[in-house]
Amino acid sequence: MEPAKVYFTNFRTEAFGDGLPTKLKKLALRAGLGTIDLDGKFVAIKLHFGELGNISYLRPNYARAIVDAVKELGGKPFLTDSNTLYPGSRKNALEHLECAWQNGFTPLTVGCPLLIGDGLKGTDDVEVPVAGGEYVKAAKIGRAVMDADVFVSLTHFKGHELTGFGGTIKNIGMGCASRAGKKEQHSNGQPSISVEACRGCMKCLSECANNGLVFHEETRKMTVDAQHCVGCGRCLGACNFDAINFENDAANADLNRRMAEYTKAVVDGRPQFHLSLVVDVSPHCDCHGENDTPILPNLGMFASFDPLALDQACVDACLAAAPLPGSKLADNLAEPGFVDVCDHFTNSTPESEWRTCLEHAEKIGLGTRTYELIAI
């Protein structure tokens, strides 16, 4: 496979009037966004709206720059993300949109509608075959994401407590999956039901196709029948009271490989374009209700048609940078007896692992890890 082209620009704004959103728009156009036929096409722009309390997510100004570029090229853009697996401020479309609005993402600020990819309760998904999938045969992807004619990802590149970093592949593979799809990537097991939180409404029972749930009339509570439950995760979206939970018990390597296969399901055979901003590199995911001091400097904006090459370029830039003083990474390195493995992501969060994701992504044909970096 030929090396992929990855375009790059830094965060310097010496030219008068050339603010960062303008630079991002110029980067997208220079990297080839305009070569995609967008005229009259529905364009899904996938990004992370940020959890309430977290302020390291990408500012709405960046999203507006890409929205404007798409509209100028004749496209019909919408911003999208899918509901979360865990209880929080983004587990259903109503709370998710409220969270997005509070974080500054509104049709007025970004210039286009916001659609939650997997619907009101995280159950509006479609099963998409994964060509060459070894762990996932059919990924459960939010319907709105797959209904779009063109797919664009806008990623905040940062650290992650499980996958080492959250880049383009995570933004797509995990971020476009429905709640059941997220469960498939994170968990190897069956759900647990909180007796205290269960209201006995039985809505989850109607979603179970395998006799995996049992309702007890005397206690008015639901329990799991371990013999029949297949761990599909469909009950998650039916519960409005956060009574149903799955453990994040998948090994990091399995999580990474499933995530790569989910990404392939989203992008395979469709017009696509990807941007990733290495800015405010928090040690943990934007799904946290807080963020910490960045572990690395603001390094720049990257763009490519190849999501794997894009992640690899961002990783290489990060590993070549010096840790920021006073960060979790710097504090870890200063600890007596700490073993420096010469990997900023592992040093920041030693229990994390990221290489298997990129290795598996290349193996299944998601893209290439070999790239030509073109600075503009």
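Basis of the calculations
Residues numbered from 1 in each chain as written. Predicted model: local features only at pLDDT ≥ 70, side-chain atom pairs only at ≥ 80, totals over all residues. Heavy atoms only, no water. Helix = DSSP H or I, 4+ residues; strand = E, 2+ residues; numbered from the N terminus. Expected span 1.5 Å × (residues − 1). Buried < 20%, exposed > 50% of the residue type's maximum accessible area, 1.4 Å probe, protein only. Salt bridge = Lys/Arg side-chain N within 4 Å of Asp/Glu carboxyl O. Patch = residues over 30% accessible without salt bridge, like charges linked within 9 Å, V, L, I, M, F, W, Y side chains within 5 Å. Areas by Shrake-Rupley, 256 points an atom, 1.4 Å probe, with all protein chains shown as cover. Lys, Arg positive; Asp, Glu negative; His and termini not counted. Charge placed at Lys NZ, Arg CZ, Asp CG, Glu CD. Disulfide = S-S within 2.5 Å. Arc of directions from axis to C-beta. Contact = heavy atoms within 4.5 Å. Polar contact = N/O pair within 3.5 Å; in protein donor to acceptor, adjacent residues only side chain to side chain.

S.K.: Before we go on, may I ask you to explain helix α9 (residues 252-267) in this structure?
M.R.: Within an α-helix, residues lying three or four positions from one another point in the same direction, as the helix has 3.6 residues per turn. A rise of 1.5 Å per residue sets the reference length of α9, with its 16 residues, at 22 Å; its end C-alpha atoms lie 23 Å apart and thus fit the reference within 8%. For α9, the buried fraction is high: 13 of the 16 residues fall into the buried class. Looking one or two residues past α9, Gly-269 carries a phi angle of roughly 70 degrees, positive in sign.

S.K.: Can you help me understand the side chain of Thr-349 in this one?
M.R.: Assignment of secondary structure puts Thr-349 in the loop between α12 (344-348) and α13 (355-363). The class of Thr-349 is buried, set by a relative accessible area of 1%.

S.K.: Even after reading the chapter, I still don't get the pattern of salt bridges, so can you show me in this structure?
M.R.: Any two side chains of opposite charge can pair if their charged atoms end up close together. Applying the stated rule across the entire model yields 16 salt bridges. With a shortest N-O distance of 3.5 Å, Glu-184 and Lys-140 are connected by a salt bridge. Separated by 44 residues along the polypeptide, Glu-184 in helix α7 (residues 179-186) and Lys-140 in strand β6 (residues 138-142) bring together distant segments of the chain. Here Arg-257 makes a salt bridge to Asp-254, at a shortest N to O gap of 3.9 Å.

S.K.: Help me understand a negative patch on the surface in this model?
M.R.: On the surface, a cluster of negative charge is made up of Glu-290, Asp-292, Asp-331 and Glu-335. You can see Glu-290 is positioned in the loop between β14 (272-278) and β15 (300-304).

S.K.: What should I look at first to understand the state of the cysteines in this one?
M.R.: Here a disulfide denotes one covalent bond, and it connects the sulfur atoms of two cysteines. Scanning the entire structure with this criterion turns up zero disulfides. For Cys-198, which is in no disulfide, the shortest distance to another cysteine sulfur is to Cys-204 and amounts to 6.6 Å. Accessibility expressed as a relative area gives 10% for Cys-198, which makes it buried.

S.K.: Got a minute to help me understand helix α3 (residues 93-102) in this structure?
M.R.: Inspection of α3 places Ala-93, His-96, Leu-97, Cys-99 and Ala-100 among the buried residues, and these make up the whole buried set. Angular distribution of buried residues about the axis of α3 spans 155 degrees; they occupy a single face of the element. Exposed residues on α3 whose side chains face more than 90 degrees from its buried face are Leu-94 and Gln-102. In this structure, the buried side of α3 is in contact with β3 (76-81) and β4 (114-116). Sitting at the amino-terminal end of α3 is Asn-92, which places a side-chain oxygen 3.1 Å from the backbone nitrogen of Leu-94. At the C-terminal side of α3, Gly-104 shows a positive phi close to 100 degrees.

S.K.: When you look at the environment of Asn-248 in this model, what are you seeing that I'm missing?
M.R.: With respect to the helices and strands, the residue Asn-248 is situated in the loop between β13 (244-245) and α9. For the pair Asn-248 and Arg-369, spaced 121 residues apart in the sequence, the C-alpha separation amounts to 28 Å. Not counting residues up to four positions away in its chain, the partners in contact with Asn-248 are Leu-85 and His-186.

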